[in-house]
Amino acid sequence: MGSLLQFIRLVGQLKRVPRTGWVYRKVANPESVSDHMYRMAVMALVTEDKELNKDRCIRLALVHDMAECIVGDIAPADNITKEEKHRREKEAMKHLTQLLSEDVKKEIYELWEEYEYQASAEARFVKELDQCEMILQAFEYEELEKNPGRLQEFYDSTAGKFNHPEIVQLVSSINTERSTKIAASNSDPAS
């Protein structure tokens, strides 16, 4: 039982790991990794795609960034190669899952690998959810800061990466709403 408690406490660290991209851009009170994973899981829960295994998508969303409770949120700006990031996260996942029973250990580690290697339609869908959730969060921060357009680089980094029809529609809605805010702020003489 001590190992399970240790696992749950380690994963609980995700509540206190801020998302690095927001920290680097000096966003006040940036979301945690677990905030991000939670909304992704909810987004997976409400998908209407009958071709996808919804339960698997939710599980992938809950596991995909789990290693960050040990390695932290490594961002592109950290200049760590993809290979090194993968190596660190793989070690962290091995450490984390060692704390679990054999069946659960295997399940969680295999879900993480499935996401890492984009080995299924569900993993590819969750990768798109990951990026969609990020730009939605960027839009919300721009609204909170009353600074439309400030986090444009997040939109640029995901441009052309969305293929799933539901996510394409969601991204289109985010972009439409955001463009309206940017246009309004550019025509506002007070700004």
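Let us look at the structure shown here. Since this is a predicted model, take the numbers as computed values, not measurements.

**Looking at helix H8 (residues 121–145)**
Piece 1. The end-to-end C-alpha distance of H8 is 36 Å, a good match for the 36 Å that 25 residues give at a rise of 1.5 Å each.
Piece 2. When you tally the buried positions in H8, you get 18 out of 25 residues, the bulk of the element.
Piece 3. Positive backbone phi, approximately 55°, marks Lys146, located one or two places after H8.

**Let's talk about the pattern of salt bridges**
If charged atoms from side chains of opposite charge come close, those side chains can pair.
Piece 1. Counting across every chain of the model gives 15 salt bridges.
Piece 2. Across the salt bridge formed by Glu84 and Arg87, the nearest N and O atoms sit 2.9 Å from each other. With Glu84 and Arg87 both in helix H6 (residues 82–98), this residue pair falls three residues apart, about one helical turn.
Piece 3. By relative accessible area, Arg87 is classed as partly exposed at 44%.
Piece 4. The closest approach of N and O atoms between Glu145 and Arg150, which form a salt bridge, is 2.6 Å.
Piece 5. Overall, Glu145 belongs to the partly exposed group, its relative accessible area being 31%.

Scoring rules and cut-offs
The residue numbering used here restarts from 1 in each chain and proceeds along that chain's sequence as written. Local features in this predicted model are restricted to residues whose pLDDT is 70 or higher, and side-chain atom pairs enter the listing and the counts only when it is 80 or higher, whereas totals over whole chains, interfaces and linings include all residues. Calculation of side-chain values draws on the structure's entire complement of heavy atoms; hydrogens and water are dropped beforehand. Numbering of helices and strands starts at the N terminus; helices are DSSP runs of H or I of at least 4 residues and strands are runs of E of at least 2. Between the first and last residue of a helix there are one fewer steps than residues, each counted as 1.5 Å, and that sum is the expected span. Relative accessibility thresholds used throughout: buried, under 20% of the residue-type maximum; exposed, over 50%; partly exposed, between the two (1.4 Å probe, protein chains only). Salt bridge, as used here, is a side-chain nitrogen of Lys or Arg placed within 4 Å of a carboxyl oxygen of Asp or Glu.

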